[in-house]
Amino acid sequence: MTLTKQHILDWLKACAAEFETHKDYLTDLDREIGDADHGLNMNRGFSKVMEKLQTFETQSIGGIMKGTGMTLMSSIGGASGPLYGTFFIRAATSAANAEELNLSGLLKMLEDGVAGIVMRGKAEPADKTMCDTWWPALEAGKQTANNGEGMQDALAAMAVAAEEGAKATIPLQARKGRASYLGERSIGHQDAGATSSMYMIKALKTVVTGG
């Protein structure tokens, strides 16, 4: 099985739907240890992506990803815009002219995107950031691929690992971003960015596997 341009377009639509549905929950999470705007920002950003989606449809996967990143960069406030914008822009690199991707190509694209987040945010494991969702998800995908399983199995494993990764931020003390100013008071709260990343990974799984 391969990931097609249509899968990417459907993924973006699914992400927009997730952020519309969960905008209040994400904002409530962010209210505890952040600026109380993460859900609103993610919903705004992906609403803008939806407005421009028709202009991306004729482009390659890389073009779709880059256009998405540029849109998010210009429409999401706070730290999320630069971080998620960089994710999509960097992810576009290896998929520049691709019309479809196999599993290794998908994992490479996502890995490049996460490397962009790390480059911009300097996150390390257990810093209580969105990377604490992405890293275990990517590891689960690679392990599944190494076991000779296909894209659907890899994405299913990634979705499980993403949820576990987001939940694992609850006992962590934040070491990056606005939440780090709270010190030990950041312990006991799930990170909003880790949670929005979880929704993105789950949305990709749902689009590709159909459930």
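Just so we're clear, the structure is a prediction, and the values are computed from it rather than from any experiment. (Residues numbered from 1 in each chain as written. Predicted model: local features only at pLDDT ≥ 70, side-chain atom pairs only at ≥ 80, totals over all residues. Heavy atoms only, no water.)

### A closer look at the overall build of the protein
Logical step 1: A count of helical and extended segments in the protein gives nine helices and two strands.
Logical step 2: Walking the protein from its N terminus toward its C terminus, one meets helices and strands in the order β-α-α-α-α-α-β-α-α-α-α.
Logical step 3: In terms of overall dimensions, the protein is globule-like: its C-alpha atoms have a radius of gyration of 16 Å, near the 17 Å expected for 211 residues.
Logical step 4: When its C-alpha atoms are laid out on the principal axes, the protein stretches across 45 × 40 × 30 Å.
Logical step 5: Excluding contacts between residues fewer than 6 apart, the proportion of contacts in the protein whose partners are at least 24 apart in sequence is 70%. (Helix = DSSP H or I, 4+ residues; strand = E, 2+ residues; numbered from the N terminus. Rg over C-alpha atoms; globule rule 2.2 N^0.38 Å. Contact = heavy atoms within 4.5 Å.)

### Comments concerning the state of the cysteines
Logical step 1: Applying the stated rule across the entire model yields zero disulfides.
Logical step 2: Cysteine cysteine 15 is unpaired, with the sulfur of cysteine 131 as its nearest cysteine sulfur at 17 Å.
Logical step 3: Accessibility expressed as a relative area gives 1% for cysteine 15, which makes it buried. (Disulfide = S-S within 2.5 Å. Buried < 20%, exposed > 50% of the residue type's maximum accessible area, 1.4 Å probe, protein only.)

### Some remarks on the pattern of salt bridges
Logical step 1: Summed over all chains, the structure comprises nine salt bridges.
Logical step 2: Salt-bridge contacts for lysine 13 lead to aspartate 10; the nearest nitrogen and oxygen are separated by 4.0 Å. You can see lysine 13 and its partner aspartate 10 sitting in helix α1 (residues 5-21), three residues apart, about one turn around the helix.
Logical step 3: Among the residues examined, lysine 13 registers a relative accessible area of 38% and is labelled partly exposed.
Logical step 4: Across the pair glutamate 20 and lysine 23 runs a salt bridge, and its minimum N-O distance is 3.2 Å.
Logical step 5: Judged by its relative accessible area of 42%, glutamate 20 falls in the partly exposed class. (Salt bridge = Lys/Arg side-chain N within 4 Å of Asp/Glu carboxyl O.)

### Let's talk about helix α2 (residues 23-33)
Logical step 1: What α2 keeps buried is the set Leu26, Thr27, Leu29, Asp30 and Ile33. An end-on view of α2 places all buried positions within 160° of arc, on one side of the element.
Logical step 2: Looking at the buried positions of α2, the neighbouring elements they touch are α1, α3 (38-56) and α9 (192-209). (Arc of directions from axis to C-beta.)

### Section: the packing of aromatic side chains
Logical step 1: One pass over the full model with this rule turns up five aromatic pairs.
Logical step 2: Between phenylalanine 46 and phenylalanine 88 the ring centres are 6.3 Å apart and the planes differ by 65°, which places this aromatic pair in the edge-to-face class. Pair noted here: phenylalanine 46 is in helix α3 and phenylalanine 88 is in helix α5 (residues 80-91), with a separation of 42 residues, a long-range link.
Logical step 3: Centre to centre, the rings of phenylalanine 87 and phenylalanine 88 are 5.1 Å apart; their planes meet at 90°, and the pair counts as edge-to-face. Take phenylalanine 87 and phenylalanine 88: they sit in the same class, and that class is buried.
Logical step 4: Feature note: the residues Trp11, Phe19, Phe46, Phe87, Phe88 and Trp134 constitute an aromatic cluster, connected by ring pairs. (Phe/Tyr/Trp six-rings, centres within 6.5 Å; stacked < 30°, edge-to-face > 60°.)

### A word on the nonpolar core
Logical step 1: Counting 55 residues, the largest nonpolar core has Trp11, Met109 and Leu110 as the members making the most contacts within it.
Logical step 2: Sorting the residues of this core by element identifies α1, α3, α4 (61-75), α5, α6 (103-121), α7 (131-146), α8 (151-167) and α9 as the ones contributing at least two each.
Logical step 3: The residues contacting leucine 110, other than those within four sequence positions of it, are Trp11, Phe87, Trp134, Leu138, Met158 and Leu204. (Core = buried A, V, L, I, M, F, W, Y, C linked by side-chain atoms within 4.5 Å.)

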